[in-house]
Amino acid sequence: MARIGIIGSAGRMGKALIEAIAAAGEDLAGGIDKGGDPLALARSSDVLIDFSSPHALEANLDAAVAAGVPILVGTTGLEERHHFLCDDAAERIAVLQTGNTSLGVNMLAHLVREAASRLGEDWDIEIVETHHRMKVDAPSGTALLLGEAAAEGRMIALADHSERGRDGITGARERGTIGFASLRGGSVAGDHTVHFLADNERIALSHLAENRAIFARGAVRAAQWLIGRGAGRYRMPEVLGL
């Protein structure tokens, strides 16, 4: 049995992870939240799963490196500097950072990448995401993951072609951009649709999450996969063999 430690165990995802770990027949090494000791948890774990907050990431990565254990980072709202921290840690341990641990979402990203690579710039790309009223970041990590997939398919940099927050007189849509729209309300676990829109025809690729169990199951599967991997930066498609 693998010993899996949870950082952010008291949150919605943390509680779902505890159930998923038990369902997978693995051992819960323990869980911590704000003010907890990530190093003590890391030393008693074979792998860490982090669904805490961006400001805690550096300490969590340092703990994983000090203990020599791999870590899955599912925390959203990360900025560029957080990715540099992941890169630095990945020189010494296995790090898998993802905006979404759902196996279905990562298959969707694969399909989006393929569609974007085959459809020309006359097909506009718009990503619409809906989440519960308590979500604090936008666009969601999953929407950005899908945007990155579309940008990779087009062989462009998302940072240079992203269009967000339209309001007022915006002018015509810029050719080749990838648009984002975020909706918030109710208890929606996470709905994402990538629209490919051309003259007189449209394609919509969607994933609808009914509860957090799907993310927890995917995170546990990825954590199991990480155990024994060499140092480096890994992605969910590798877990799926894509």
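Labelled according to an unreviewed UniProt entry, the protein chain appears under the name 4-hydroxy-tetrahydrodipicolinate reductase, originating from Novosphingobium aerophilum. Entered under Sequence similarities (unreviewed entry) in the UniProt record, the comment concerning the protein chain runs "Belongs to the DapB family." In its Function (unreviewed entry) section, the UniProt entry covering the protein chain states "Catalyzes the conversion of 4-hydroxy-tetrahydrodipicolinate (HTPA) to tetrahydrodipicolinate."

Description of the UniProt feature "domain: Dihydrodipicolinate reductase C-terminal" (unreviewed entry) in the protein chain
In the numbering adopted here, UniProt assigns the feature "domain: Dihydrodipicolinate reductase C-terminal" (unreviewed entry) to residues 104-240. Secondary structure content for residues 104-240 is 38% helix and 28% strand, and the end C-alpha separation is 10 Å.

What to know about the sheet that holds strand 7 (residues 162-164)
An order of 7-8-6-9-10 is seen for the five strands of this open sheet, with the pairing classed as mixed. Looking at which strands have only one partner, the edges of the open sheet turn out to be strand 7 and strand 10 (201-209). The mean angle between the axes of side-by-side strands here comes to 20°, regardless of whether they run parallel or antiparallel. Relative to strand 10, strand 9 (residues 190-198) runs antiparallel, the two being bridged by nine bridges. Within strand 10, the position partnered with His-195 by the bridge is Ala-204. Taken strand by strand, helix 5 (residues 103-118) contacts strand 6 (124-131), strand 9 and strand 10, and its axis lies near 165° from that of strand 10.

Quick look at the packing of helix 5 against helix 6 (residues 141-154)
One way to put it is that helix 5 packs onto helix 6 with a least axis distance of 7 Å and a crossing angle of 30°. Judged by the inter-axis angle, helix 5 sits roughly parallel to helix 6. For the crossing formed where helix 5 meets helix 6, the hand is right-handed. In contact with Val-105, Asn-106, Leu-108, Ala-109, Val-112, Arg-113, Ala-116 and Ser-117 of helix 5, helix 6 contributes Thr-142, Leu-145, Leu-146, Ala-149, Ala-150, Glu-152, Gly-153 and Arg-154. Residues that form the contact of helix 5 with helix 6 fall into these classes: nine nonpolar, four polar and three charged.

Thoughts on helix 6
End to end, helix 6 covers 20 Å across 14 residues, agreeing with the expected 20 Å (1.5 Å per residue, within 8%). With 11 of its 14 residues buried, helix 6 lies for the most part within the structure. Among all positions in helix 6, only Gly-141, Thr-142, Ala-143, Leu-145, Leu-146, Gly-147, Ala-149, Ala-150, Ala-151, Gly-153 and Arg-154 are buried. Of the residues trailing helix 6, Met-155 is marked for its positive phi of about 60°.

Rules of the game
Residues numbered from 1 in each chain as written. Predicted model: local features only at pLDDT ≥ 70, side-chain atom pairs only at ≥ 80, totals over all residues. Heavy atoms only, no water. UniProt positions renumbered as here; feature names shortened; annotations may be inferred. Helix = DSSP H or I, 4+ residues; strand = E, 2+ residues; numbered from the N terminus. Pairing = 2+ DSSP bridges. Axes fitted to C-alpha atoms, helices over the stretch in contact; angles between N-to-C directions. Contact = heavy atoms within 4.5 Å. Parallel < 35°, antiparallel > 145°, perpendicular 65-115°, else oblique. Left-handed = near helix turned anticlockwise from the far one by under 90°. Nonpolar A, V, L, I, M, F, W, Y, C, P; charged D, E, K, R; others polar. Expected span 1.5 Å × (residues − 1). Buried < 20%, exposed > 50% of the residue type's maximum accessible area, 1.4 Å probe, protein only.

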